[in-house]
Number of protein chains: 2
Amino acid sequence: MPIFAIVNITTEKISGSRATLYLLPVPLSDVAPASVMPEHNIDIARSVKHFIVENVRSARRFLKRCDPSIDISELSFVVLDEHTDPADVAEMLAPLADGMDMAVISEAGCPGVADPGALAVDAALRRGLGVQPLIGPSSILLSLMASGFNGQKFAFEGYLPHDTATRQRRLKEMTGRINREDQTQIFIETPYRNNRLIAELSKTLPGSIRLCVCSDLTGVNQKIVCQTISEWSRSSYNFDKIPAIFLLYK
Amino acid sequence: MPIFAIVNITTEKISGSRATLYLLPVPLSDVAPASVMPEHNIDIARSVKHFIVENVRSARRFLKRCDPSIDISELSFVVLDEHTDPADVAEMLAPLADGMDMAVISEAGCPGVADPGALAVDAALRRGLGVQPLIGPSSILLSLMASGFNGQKFAFEGYLPHDTATRQRRLKEMTGRINREDQTQIFIETPYRNNRLIAELSKTLPGSIRLCVCSDLTGVNQKIVCQTISEWSRSSYNFDKIPAIFLLYK
């Protein structure tokens, strides 16, 4: 079956003839939603009644911050997280198939990027349902912009492999792609392991490679530190338990 | 020299003690700037007097659309584009070094991503100057969200190599990364070559690979088409001269 999703913002809004699965970004830090996304997103948050969310509690809090007058008790939430069986995702779209708008909300940032939200989008497209990505904060994009590293070629790796030998092999591959393909490498880590990761990178990567660490992006304690591995290995730092993203480039 | 850029939005705005290089996104389509970015960006567009831009004409038009009362004749523009000698970039930052805010504006989308703007950021960080990425539309991110493809691992390739044999080799490598690494592959093409590229992909890639083409993202003619290579090879399509972005996944 060809998978078509031809979405036209203007006609959507005027005719209301076709239900849409909105991909609604969430702030990365403790700031007002309207300060990190277009006002249009707040209108969507006000109008949608059916949500697919990574975490119900944080999604409710986000909606309340969008507009305190939103009546949360009127809304339906289904959970799509890392524990969800992909086979269960299609039926989450029942309200959409019945002609009602829905929105996907991730724990932080843009749904479908570095989260399981893509499963909902894929299921919608396969059923010919309308999908509309909305603009908002992404730690991947903001950190790439802030790093000054190559933004013409880059790769996001998610989490590095947990096993030490596999992780070391992957880091070697990534270093190869920096040098041979001019490709910036981007990855994340569980916040309580940030310091350990930086120490490991400092010990094992070539000294001339640059590591950029961005933490609390868009927040009041936002910090962007770019320096060579040699410099990191002589520096003191503390990113313990602070959401951070890591970028490597030559 | 360690390269530090510790940027704190709140203190920046309150104290004004430190000049900032803002990375100011531009709409991807013919829409009002405020419809695709936070109101905060419009405030920045109003306040900054010194710009590093990919194209002076489109940057002026963007600023006028942000606020028609902006007096363009008061502003300074220097060009940073694909023809700029990287050695010339550092001196473009003179106003910033003198304590005046500056902004980088790309032809479309987010500066520093898929454009030469990263050179200005890199030069600023190396001099210890403040950098602030702002939130706005990115065709890479929006298309990844809209595709339903893997957003937990992906690579942006820029333009594919021009030479046919090299391009074919690269596509083979990319197909390998889709299958072995579960990595979505994203790339762009000069709009008048879109149809030719899709025809070539249809002929040479494995039939089961999925190709998503997103065109006029955020615009009134936004179109998102996701189908397998086999389906593309049996479809009629026309993306001639329309800005589009291409994604491959299994």
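Residues numbered from 1 in each chain as written. Chains lettered and ligands numbered in written order. Predicted model: local features only at pLDDT ≥ 70, side-chain atom pairs only at ≥ 80, totals over all residues. Heavy atoms only, no water.

Student: Explanation requested: helix α7 (residues 164-181) of chain B in the structure shown.
Tutor: Three or four residues apart is the spacing at which side chains of an α-helix point the same way, because the helix has 3.6 residues per turn. With 18 residues, α7(B) should cover 26 Å at 1.5 Å per step; its first-to-last C-alpha distance of 25 Å lies within 8% of that length. Taken together, the buried positions of α7(B) are occupied by R167(B), R170(B), L171(B), M174(B), T175(B), G176(B), R177(B), I178(B) and E181(B). Looking at the buried positions of α7(B), the neighbouring elements they touch are α8 (164-181) of chain A together with β7 (154-159), β8 (184-188), α8 (194-204) and β11 (244-249) of chain B. Two residues or fewer past α7(B), D182(B) is found with a positive phi of approximately 60°. (Helix = DSSP H or I, 4+ residues; strand = E, 2+ residues; numbered from the N terminus. Expected span 1.5 Å × (residues − 1). Buried < 20%, exposed > 50% of the residue type's maximum accessible area, 1.4 Å probe, protein only. Contact = heavy atoms within 4.5 Å.)

Student: Could you clarify how one ought to interpret the sheet that holds strand β3 (residues 50-53) of chain B in this entry?
Tutor: Think of a sheet as strands paired side by side through backbone hydrogen bonds, with each pair either parallel or antiparallel. Residue and element names in this part refer to chain B. Spatial ordering of the open sheet is given by β4-β3-β5-β2-β6, a layout of five strands whose pairing is parallel. Every other strand in the sheet has two partners, leaving β4 (76-79) and β6 (130-133) as the edge strands with one partner each. The mean inter-strand angle of the sheet, taken between neighbouring strand axes irrespective of direction, is 25°. Where β3 meets strand β5 (residues 102-105), four bridges bridge the pair, whose relative direction is parallel. Residue pairing in the sheet places F51 in a bridge with A103 of β5. In the packing of helix α3 (residues 56-66) onto the sheet, the strands contacted are β3, β4 and β5, and the crossing angle to β4 comes to about 140°. (Pairing = 2+ DSSP bridges. Axes fitted to C-alpha atoms, helices over the stretch in contact; angles between N-to-C directions.)

Student: Where do I start with the nonpolar core in this structure?
Tutor: Side chains of a nonpolar character, in soluble globular proteins, are inclined to be buried together. In this structure, L21(A), L63(A) and L63(B) are the most contacted members of the largest nonpolar core, which totals 164 residues. Discounting residues that sit within four places of it in the chain, L63(B) has contacts with A45(B), F51(B), I70(B), I72(B), L75(B), F77(B) and I105(B). (Core = buried A, V, L, I, M, F, W, Y, C linked by side-chain atoms within 4.5 Å.)

Student: What's the story with the pattern of salt bridges in this structure? I'm lost.
Tutor: Side-chain pairs of opposite charge can arise where the charged atoms are in close proximity. Evaluated as defined, the whole model comprises 28 salt bridges over all chains. In this structure, the salt-bridge partner of E181(A) is R170(B), at a minimum N-O distance of 3.0 Å. Of this pair, E181(A) sits in helix α8 while R170(B) sits in helix α7, placing the two residues on different chains. Taken individually, E181(A) and R170(B) each receive the classification buried, so the pair is uniform in this respect. Salt-bridge contacts for D67(B) lead to R46(B); the nearest nitrogen and oxygen are separated by 2.7 Å. (Salt bridge = Lys/Arg side-chain N within 4 Å of Asp/Glu carboxyl O.)

Student: Help me understand helix α6 (residues 118-126) of chain A in this model?
Tutor: Residue and element names in this part refer to chain A. Across the nine residues of α6, seven count as buried, placing the element largely inside the fold. The set of residues buried in α6 consists of A118, A120, V121, D122, A123, A124 and L125. Where α6 terminates, the next one or two residues include G128, which has phi positive at roughly 75°.

Student: Any chance you could explain the sheet that holds strand β5 (residues 102-105) of chain A here in plain terms?
Tutor: Residue and element names in this part refer to chain A. Across the sheet, which stays open at both edges, the five strands sit in the order β4-β3-β5-β2-β6 with parallel pairing between neighbours. Taken across any chain shown, the strands that pair with only one partner, and hence form the sheet edges, are β4 (76-79) and β6 (130-133). For this sheet the average axis-to-axis angle between neighbouring strands, irrespective of direction, equals 25°. Packed onto the sheet, α6 meets β2 (20-23), β3 (50-53), β5 and β6 and runs at close to 155° relative to β2.

Student: I'm lost on the packing of α8(A) against α7(B) in this one. Help?
Tutor: When two helices pack together, their arrangement is given by the angle between the helix axes and the distance between those axes. At a closest axis distance of 16 Å, the pairing of α8(A) and α7(B) adopts a crossing angle of 160°. With respect to each other, α8(A) and α7(B) are oriented roughly antiparallel. Between α8(A) and α7(B) lies a crossing whose hand is left-handed. Between α8(A), through R170(A), R177(A) and E181(A), and α7(B), the contact on the second element is made entirely by R170(B), R177(B) and E181(B). (Parallel < 35°, antiparallel > 145°, perpendicular 65-115°, else oblique. Left-handed = near helix turned anticlockwise from the far one by under 90°.)

Student: Just to check I follow, could you spell out the relation of the copies chain B and chain A for this structure?
Tutor: Here the second copy of the chain follows from the first by a rotation about an axis and a shift along it. Between chain B and chain A, which share one sequence, the superposing operator has a rotation angle of 180° and an axial displacement of 0.0 Å; the RMSD is 0.0 Å. What we have between these two chains is a two-fold relation. An overlap of 99% is found between the interface residues of chain B and their copies at the interface of chain A, pointing to a shared contact surface. (Least-squares fit on C-alpha atoms with pLDDT ≥ 70 in both.)

Student: Teacher, can you tell me more about the packing of aromatic side chains here?
Tutor: For the structure shown, the criterion picks out 12 aromatic pairs over all chains. Measuring from ring centre to ring centre gives 5.6 Å for F156(A) and F154(B), while their planes differ by 40°; the resulting arrangement is tilted. You can see F156(A) sitting in strand β7 (residues 154-159) and its partner F154(B) sitting in strand β7, one on each of two chains. F154(B) matches F156(A) in its accessibility class, with the two residues each being buried. A cation over a ring is seen here: K223(A) above F239(A), with NZ or CZ 5.4 Å from the ring centre. (Phe/Tyr/Trp six-rings, centres within 6.5 Å; stacked < 30°, edge-to-face > 60°. Lys NZ or Arg CZ within 6 Å of the ring centre and 35° of its normal.)

Student: Looking at this structure, I do not really get unusual backbone geometry. What am I missing?
Tutor: With glycine set apart, most residues show a phi of negative sign, and most peptide bonds adopt trans. Unusually for a residue other than glycine, D182(A) sits at a positive phi of about 60°. Inspection of the secondary structure assignment puts D182(A) in the loop between α8 and β8 (184-188). A positive phi is found at T218(B), a non-glycine position, where the angle reads about 70°. Summarising the element assignment, T218(B) is placed in the loop between β9 (210-215) and β10 (223-228).

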